[in-house]
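Architecture at a glance
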Amino acid sequence: MASVILVTNDDGIHAQGLSALAQALESLGEVFVDEMTSARIACEGCGSVESVGAEHAYVQAPGIVLRCTHCDSALLVMTRTGSRMRIWFPRSRWLETGEPGND
Ligand SMILES: [Zn+2]
């Protein structure tokens, strides 16, 4: 089973270094390069769908917590321990990247 790899950064997905990283990873699996603040996320708590950038982000904790702007459910939690990163979606139905309607 091939890996699915998402590559993103916080200052634009058209950076030359990001393209080089995506090319270097292609031998490991299917690589998606996407801008995450415009990705859409669906809340399991209230059913709303918003862009990731519109949700409340708490970044001063040991990890990052993204909470629903409507009902405060924890949508996404990221923690890092040494070289490992764990991402889970406690109250999300789905996360969608890419431009809507371009299929
Ligand atoms: Zn909600």
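Preceding block: the structure.
Along each chain, numbering runs from 1 in the same order as the chain's sequence is written. Confidence filtering applies because this is a predicted model: local features only for residues at pLDDT of at least 70, side-chain atom pairs given and counted only at 80 or more, and all residues used for totals across whole chains, interfaces and linings.

1. Some details on the overall build of the chain
Where we set the bar: Only runs of H or I of at least four residues qualify as helices and only runs of E of at least two qualify as strands under DSSP, and these elements are numbered from the N terminus. A residue is called partly exposed when the number of other C-beta atoms within 10 Å of its own lies between 12 and 20, exposed at 12 or fewer, and buried at 20 or more, with C-beta atoms placed from the backbone. The contact criterion used is a C-beta to C-beta distance within 7 Å, with each C-beta placed from the backbone.
For the chain, the count of helices and strands is 1 helix and 9 strands. Along the chain, helices (α) and strands (β) appear in the sequence β-α-β-β-β-β-β-β-β-β when read from the amino end. A principal-axis box enclosing the C-alpha atoms of the chain has dimensions of 40 × 40 × 30 Å. The buried share among the 103 residues of the chain stands at 7%. Sequence-distant contacts in the chain: of pairs separated by 6 or more residues, those separated by 24 or more amount to 38%.

2. A word on the nonpolar core
Operational definition: Each nonpolar core consists of buried Ala, Val, Leu, Ile, Met, Phe, Trp, Tyr and Cys residues. Their C-beta atoms, within 7 Å, join them into a set.
Within the largest apolar cluster, 6 residues are counted, these being Ile41, Cys43, Leu66, Cys68, Leu75 and Leu76. Elements with a contribution of two residues or more to this core: strand E3 (40-43) and strand E7 (74-81). Beyond its immediate chain neighbours, meaning those up to four positions away, Ile41 contacts Glu50, Val52, Glu55, Leu75, Leu76, Ser92 and Leu95.

3. Remarks on the pairing of strand E6 (residues 64-67)
In plain terms, the rule: At least two DSSP bridges between two strands are required for those strands to pair.
Across 3 bridges, strand E5 (residues 56-58) lies against E6 in antiparallel orientation. By the bridge assignment, Tyr58 is partnered in E6 with Val65. Counting the residues in the hairpin turn of E5 and E6 gives 5 residues. Summarising the sheet, E6 and E7 pair through 4 bridges and their orientation is antiparallel. The partner of Ile64 across the bridge, within E7, is Met78. Connecting E6 to the next strand, E7, in antiparallel fashion are 6 residues, including Asp72 with a positive phi near 70°.

4. Quick notes on the environment of Thr79
With respect to the element layout, Thr79 can be found in strand E7. When the C-alpha positions of Thr79 and Ala61 are compared, they lie 9.3 Å apart, and in sequence the two are 18 residues distant. Ignoring any residue separated from it by four or fewer positions in sequence, one finds Thr79 in contact with Pro62, Gly63 and Arg86.

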